[in-house]
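Read off the chains here:
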Amino acid sequence: MSRDSVMAAQQAFGDAVNSGDLAAFERLVAVDSVDHDPAP
């Protein structure tokens, strides 16, 4: 992925989080993704 496409993906994810647009996650996050963040 190019730097610009990574930045665009991060911006879109942030926008979805900040706006509460849960439907956007279906476009942005792969169905089989795994969150490895150790935070509870």
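Named according to an unreviewed UniProt entry, the protein chain is SnoaL-like protein originating from Pseudokineococcus basanitobsidens.

Asker: Sorry if this is basic, but what is going on with the overall build of the protein chain here?
Answerer: Within the protein chain, the regular secondary structure consists of two helices and zero strands. Projected onto the principal axes, the alpha-carbon positions of the protein chain cover approximately 30 × 20 × 20 Å. The proportion of buried residues among the 40 residues of the protein chain is 5%. On the protein chain, roughly 3,600 Å² of surface is accessible, and the fraction owed to carbon and sulfur atoms is 57%.

Asker: Can you help me understand the environment of Arg 3 in this one?
Answerer: In this fold, Arg 3 is placed in helix α1 (residues 3-19). As a C-alpha pair, Arg 3 and Asp 21 span 18 residues in sequence and 25 Å in three-dimensional space.

Asker: Honestly, a nonpolar patch on the surface in this entry has me stumped. Any pointers?
Answerer: Taken together, the side chains of Phe 13, Val 17, Leu 28 and Val 29 define a hydrophobic patch exposed on the protein surface, amounting to about 300 Å² of accessible area. Here Leu 28 is to be found in helix α2 (residues 24-28). For Leu 28, a relative accessible area of 35% translates into the label partly exposed.

Calculation criteria
- Residues numbered from 1 in each chain as written.
- Predicted model: local features only at pLDDT ≥ 70, side-chain atom pairs only at ≥ 80, totals over all residues.
- Heavy atoms only, no water.
- Helix = DSSP H or I, 4+ residues; strand = E, 2+ residues; numbered from the N terminus.
- Buried < 20%, exposed > 50% of the residue type's maximum accessible area, 1.4 Å probe, protein only.
- Areas by Shrake-Rupley, 256 points an atom, 1.4 Å probe, with all protein chains shown as cover.
- Patch = residues over 30% accessible without salt bridge, like charges linked within 9 Å, V, L, I, M, F, W, Y side chains within 5 Å.
- Salt bridge = Lys/Arg side-chain N within 4 Å of Asp/Glu carboxyl O.

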